[in-house]
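Given next are the chains, with one letter for each unit.
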Amino acid sequence: MDSSLTDRNSGYGMAMLEGLNGLMTQSVANLALGGSWVDMVLDAYFEMIIGSDSAATKQIVNTYADAMRYTSPMMADFLDDLTKMPQPLNEKDVFNGRKWKNLQSAMDETIGAYSPKVQRIIASGQMSTIALTNDAMDKAWVGMALDLNDPDIVARWHKMPERAYADMVGRLQNGSPLSDLLDTLPAQTNLEMRRGLLKGIALGENADLVGKRVARATQMPAWKAVSISRTTVLNTYRETSRRSYLQHPDIIDGWYWQSAQNQRTCMACLMRDGTVYPLSEKQAAHSQCRCRMRPR
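Residues numbered from 1 in each chain as written. Predicted model: local features only at pLDDT ≥ 70, side-chain atom pairs only at ≥ 80, totals over all residues. Heavy atoms only, no water.

**Concerning the overall build of the protein chain**
Helices and strands together make up the secondary structure of the protein chain, namely 13 helices and 3 strands. Across the 296 residues of the protein chain, 47% fall into the buried class. When contacts within the protein chain are restricted to residue pairs at least 6 apart in sequence, those whose partners lie at least 24 apart make up 77%. For the protein chain, the exposed surface amounts to about 15000 Å²; the carbon and sulfur share of it is 53%. (Helix = DSSP H or I, 4+ residues; strand = E, 2+ residues; numbered from the N terminus. Buried < 20%, exposed > 50% of the residue type's maximum accessible area, 1.4 Å probe, protein only. Contact = heavy atoms within 4.5 Å. Areas by Shrake-Rupley, 256 points an atom, 1.4 Å probe, with all protein chains shown as cover.)

The structure is reproduced here in structure tokens:
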């Protein structure tokens, strides 16, 4: 982009920079050397979305820690009692006792509360992502007007309808695929607890070894909840962007696949980098993929 174009559209550029709350540090001089306003906008907002995702991830991890903090002492107390029971241990003696039933009840309660909490965290992150992406689109169209030297582009821009928002948020309601997936996170906890204990009893292991096995088998997988959250948030970003592009076929005729191009980028994403897709095609990203769409 030449400097004369920047000068002619300085009003647009300054308004956009102010709207990004100081996040953008690239100067007009750098843009004049060939940079893109659209790239600058999308890069800055993607960083904001990643920041929102990180906050959601921290909440999920903390929620998981709270859940395990409640049940771990009960599990340790129960395993300690195993060492005081007559040997060899009898399955009925182990599983008919009050402490085992209390532990089962506590695990059921914890499991029942964990999934809805994670759903709420992800729903909040999704709403935040939709709002950020819609704001990014507002400024991206201004950037496109600057890049193409066509102020009329801004006048033709209109936001994604509310119905599209409702459709995406609806994916998190009860009975949705995401909700069902979250509900399965700790589905076999009690079964795995029994298996771990029975194996330890059969092998004559001490309570410490049994406890470690049970803990490994019954962990509610926080990493999986984090993976689901991150994938949902980033897919929401991509789909919100694509739907915005779809409303403007007179300006956008497709999208480019852009990978992060760093040490964490997988080979499949690197190979797709720069390839072009029609607006009708969604970005088929893998779990936790950080690839992005660029408007063509």
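**Thoughts on the pairing of strand β3 (residues 292–295)**
Along β3, one buried face is formed by Arg292 and Arg294 and the opposite face, lined by Met293 and Pro295, is buried too. Examined bridge by bridge, strand β1 (residues 255–258) and β3 share 4 bridges and lie antiparallel to one another. In the sheet register, Trp255 faces β3, and the bridge partner there is Pro295. (Pairing = 2+ DSSP bridges.)

**Quick notes on the nonpolar core**
Ranked by internal contacts, the top residues of the largest apolar core, which has 30 residues, are Trp141, Met144, Tyr245 and Ile252. Put simply, the parts of the chain that give this core at least two residues each are α4 (37–82), α6 (98–148), α12 (222–246) and β1. Grouped together as the second largest cluster of nonpolar side chains are 16 residues, Leu82, Trp100, Met107 and Met193 included. (Core = buried A, V, L, I, M, F, W, Y, C linked by side-chain atoms within 4.5 Å.)

**Section: empty space enclosed by the protein**
Counted by the stated rule, this structure contains 1 cavity of 30 Å³ or more. The volume enclosed by the largest cavity comes to roughly 30 Å³. Around the largest cavity, the lining residues are Leu42, Met137, Ala140, Trp141, Met144, Tyr245 and Pro295. No other element matches α6, which puts 4 residues into the lining of the largest cavity. Classifying every residue of the lining of the largest cavity gives 7 nonpolar, no polar and no charged. (1 Å grid on protein atoms, 1.4 Å probe; cavity = no way out; pocket = protein on both sides within 12 Å on 5 of 7 lines; lining within 4 Å. Points joined across faces, edges and corners; volume = space filled by probe spheres on them. Nonpolar A, V, L, I, M, F, W, Y, C, P; charged D, E, K, R; others polar.)

**Some thoughts on α6**
For α6, which comprises 51 residues, the first-to-last C-alpha distance of 73 Å matches the rise-based estimate of 75 Å (1.5 Å per residue) to within 8%. Asn149 sits one or two residues past α6 and shows a positive phi near 55 degrees. (Expected span 1.5 Å × (residues − 1).)

**Some points on the packing of aromatic side chains**
Counted under the stated rule, the structure contains 7 aromatic pairs. Considering the side-chain rings of Phe46 and Tyr237, the 5.4 Å spacing of their centres and the 50 degrees angle between planes classify their relative orientation as tilted. You can see Phe46 sitting in helix α4 and its partner Tyr237 sitting in helix α12, a full 191 residues away along the chain. The pair Phe46 / Tyr237 is uniform in exposure class, with both members buried. Where Phe95 meets Trp100, the ring centres are 4.8 Å apart and the plane angle is 65 degrees; that geometry is what we call edge-to-face. We note that Phe95, like Trp100, is buried. An aromatic cluster is defined as three or more aromatic residues linked by ring pairs; in this entry it consists of Phe78, Phe95 and Trp100. Across the ring face of Phe46, the terminal group of Arg292 is positioned such that the distance to the ring centre comes to 4.2 Å. (Phe/Tyr/Trp six-rings, centres within 6.5 Å; stacked < 30°, edge-to-face > 60°. Lys NZ or Arg CZ within 6 Å of the ring centre and 35° of its normal.)

**Some points on the environment of Ala136**
Within the secondary structure, Ala136 sits in helix α6. Taking the C-alpha atoms as reference points, Ala136 and Leu42, 94 residues apart in sequence, are found 6.6 Å from one another.

**What about the sheet that holds β1?**
Strands in a sheet are paired, the pairing made by backbone hydrogen bonds, and the direction either parallel or antiparallel. The strand order across the open sheet built from 3 strands is β2-β1-β3, with neighbouring strands paired in antiparallel fashion. Because the sheet does not close on itself, it has two edges, and the strands there are β2 (276–277) and β3. Strand direction decides the pairing type here: β1 and β2, joined by 2 bridges, are antiparallel. Among the inter-strand pairings, Trp255 is bridged to a residue of β2, identified as Tyr277.

**Let's talk about the pattern of salt bridges**
Pairs can form between side chains of opposite charge whenever their charged atoms are close. Scanning the entire structure with this criterion turns up 13 salt bridges. Its salt-bridge partner being Asp135, residue Lys139 comes within 2.9 Å of it at the nearest N-O pair. Of this pair, Lys139 and Asp135 both sit in helix α6, 4 residues apart, which is roughly one turn of that helix. (Salt bridge = Lys/Arg side-chain N within 4 Å of Asp/Glu carboxyl O.)

**Structural notes on a nonpolar patch on the surface**
Together, Met267, Leu270 and Met271 make up a nonpolar patch on the protein surface, roughly 340 Å² of accessible area in all. Along the chain, Leu270 turns up in helix α13 (residues 267–272). Since its relative accessible area comes to 36%, Leu270 is described here as partly exposed. (Patch = residues over 30% accessible without salt bridge, like charges linked within 9 Å, V, L, I, M, F, W, Y side chains within 5 Å.)

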